[in-house]
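Descriptive structure summary
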Amino acid sequence: MPTTPRLTNLYSKVILDKEEQFSTVTIEATAPPPVTISYPQPDTCRVTLRAILNMYPGSLYVQDGIIREVTVVAGDDEVSFLIGLDAAVRADLTVMEGMPCRVVLRFSRRPLVDFYRDKLIVLDPGHGGSDGGWRGPVNLWERDMAWKTALALAKILEGFKARVLWTRGEQENPSWEERLQKVTASTFCFISVHEHGEADAGLRGTAVRYNPNCRGNDELAVRVLERIVARVKTPSRGVTADEELTRLGEVPGLRLEPVAITNWVDEGLLRNPYFHQKVALATVVAIKQYFQRGNRTYGRE
C-alpha cells in the first residue's frame, strides 16, 4: 500500500522567467500528492493536497504585491493552503518530482507591471556628496543609506516598467530647488528617501512625511507607513505633513524615513541589504494599492 505523502516545507519567492515576473508558492513533500485548486473568492486561491502535514500549521506572511499570506489548514487526510491575493490572478501549477517533491504555484505579477508601466517616478535620495546627513552611532551615514534604499526602489520600479528619474547622482548634492526642477506635470509621484536623526539615541522607528497640498496624500502616507512597518517590524513614528513637499503642488510626494539612524538598533537594520529591499517593495506595493482603490489619479478622487 503506498505511503501517504508528508508535507515538510512551505516558502514563497518572486522569480523572473523570460522577462516576466511571478510570485510563487512552493510546497515540499516526500512524494507527489494529489492536488486540487479552487477559487472560493476572486482574491483567494485554495490548494488542497491529499497528504499529512509534517510542519507548523500557521500562516506565511508574504505581502509581495500579489500574494498577501498563505494560511495552512490541516485535516485528517488532507491539507489546504489558503492563498490570499492582492489581485485576482490564477495560478499555474507544476509538480516537480524528486526528493523533496515540489508543488509549485506561479501567480503572474502582471497587475503590478500594468499599473506602473510608463509612469514617471522621481526618486530623491537625501543629502549627497560632502553632505552626509545624520551619522549613526557606529559609522553609517544617512546619505549612503538613502542611496541604497533609492537603488532598491529604482530596481523594483524599473522591473515594473516605470520610468525612474533621479534628482542626484551618487556623489552629488544639488539644492532643493534643483531637485524640484526634475518634477513636471507628468510626474506620477515624488519619493524622497532619508533617515531620521536626533540627539535622543533611544528614539527609533519608521515615519513617512507627505505633501499636504496634494489631496489624499496623508492617506497615501498612512498606507505606505503601515506596509513598511508590517514588513520590517519597526516601531511606527507616524505620518506628518512636510512643508518642503508643498513645493510639489498637487503632485503626490512622500518623504520616507525607514529608521532613526542615530539609534543603535536601527543603524544595525540598515546594514542588511534585505532591509532596503523590503522597505522599497512595501512602498511600491502600497502606492499601487492606494491609487487603484477607487481609481484615484494623482491624489484626486
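Residues numbered from 1 in each chain as written. Predicted model: local features only at pLDDT ≥ 70, side-chain atom pairs only at ≥ 80, totals over all residues. Heavy atoms only, no water.

If you look the chain up in an unreviewed UniProt entry, it shows as N-acetylmuramoyl-L-alanine amidase LytC from Neomoorella humiferrea.

A short note on the sheet that holds strand S13 (residues 187–193)
Strands in a sheet are paired, the pairing made by backbone hydrogen bonds, and the direction either parallel or antiparallel. Pairing within the open sheet is mixed, and its 6 strands lie in the order S12-S11-S13-S16-S14-S15. The outermost strands of the open sheet, each flanked by one partner alone, are strand S12 (163–166) and strand S15 (236–241). Across this sheet, the average inter-strand angle for adjacent strands is 20°, counted without regard to direction. Here strand S11 (residues 120–125) runs beside S13; their pairing, made up of 6 bridges, is parallel. (Pairing = 2+ DSSP bridges. Helix = DSSP H or I, 4+ residues; strand = E, 2+ residues; numbered from the N terminus. Axes fitted to C-alpha atoms, helices over the stretch in contact; angles between N-to-C directions.)

Brief notes about the layout of surface pockets
What the largest pocket holds in volume is close to 840 Å³. Those elements that provide at least two residues to the lining of the largest pocket are strand S1 (6–17), strand S6 (59–61), helix H2 (142–159) and helix H6 (273–292). Taken together, the residues that form the lining of the largest pocket break down as 10 nonpolar, 5 polar and 7 charged. Residues from two domains meet in the lining of the largest pocket; each of domain 1 (6–111) and domain 2 (117–295) gives at least three. Size it by volume and the second largest pocket reaches roughly 150 Å³. In terms of lining, the second largest pocket is formed by 13 residues, of which the most central are His127, Trp176, Arg179, His194 and Glu244. The class makeup of the residues in the lining of the second largest pocket is 2 nonpolar, 6 polar and 5 charged. (1 Å grid on protein atoms, 1.4 Å probe; cavity = no way out; pocket = protein on both sides within 12 Å on 5 of 7 lines; lining within 4 Å. Points joined across faces, edges and corners; volume = space filled by probe spheres on them. Nonpolar A, V, L, I, M, F, W, Y, C, P; charged D, E, K, R; others polar. Domains from an automatic or database assignment.)

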